Amino acid sequence: VGLVAEKHPETWRAAVAARGHGMVSEEAITIAEQQRERLLMGMRIAEGIDLAAFTINPAKIDAMETLGYVERRKGRLCATRSGRAILNAVIRELAE
């Protein structure tokens, strides 16, 4: 299930005050969408993602690693400092 938040800040704030949250709806998301969300969020944290939980083309990982954008650490894939500077592009490449 995906949650959709109110987009307008003042309306969101009023909803949080009234209901305790700013969510306006729930929607079913596919397994592929869940995986993409996990990739998007996981690559943004220092620990990165558990490679065993994802199906990412190894050649893409190798290419990103050669460019210095990602590194493998104990079964995890993490963005490097250079990779974090262009993280949206790195994630997009890994997700394709």
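Numbering of residues starts from 1 in each chain and follows the order in which that chain's sequence is written. Totals for whole chains, interfaces and linings use every residue, but because this is a predicted model, local features are given only for residues with pLDDT of at least 70 and side-chain atom pairs only at 80 or more, for both listing and counting. The side-chain quantities take in all heavy atoms of the structure and omit both hydrogens and water.

A. A look at the packing of aromatic side chains. In summary, the pairing rule links any two rings of Phe, Tyr or Trp, Trp by its six-membered ring, whose centres are within 6.5 Å, and it sorts them by plane angle into stacked for under 30 degrees, edge-to-face for over 60 and tilted for everything else. Counting across every chain of the model gives zero aromatic pairs. Over a ring means this: the NZ of a Lys or the CZ of an Arg is within 6 Å of the ring centre and within 35 degrees of the ring normal. Directly above the aromatic system of Phe 54 lies the positively charged group of Arg 38, at a separation of 5.1 Å from the ring centroid.

B. Spotlight on the nonpolar core. Leu 39, Met 43, Ile 49, Ile 56, Leu 77 and Leu 94 are the most contacted members of the largest nonpolar core, which totals 14 residues. Breaking this core down by element, the ones donating at least two residues are α3 (58–66), β5 (76–79) and α5 (87–95). In terms of residues, this core owes the most to one element, α5, which gives four residues. In this analysis, two residues are considered to be in contact whenever any of their non-hydrogen atoms come within 4.5 Å of each other. If sequence neighbours within four positions are ignored, Ile 56 has contacts with Leu 39, Ile 49, Ile 61 and Leu 94. Remark: nonpolar core denotes a set of buried residues (Ala, Val, Leu, Ile, Met, Phe, Trp, Tyr, Cys) joined through side-chain atoms within 4.5 Å. Whether a residue is buried, partly exposed or exposed follows from its accessible area with a 1.4 Å probe, protein chains only, as a fraction of its type maximum: under 20%, in between, or over 50%, in that order. Runs of H or I in DSSP of at least four residues are treated as helices and runs of E of at least two as strands, each being numbered from the N terminus.

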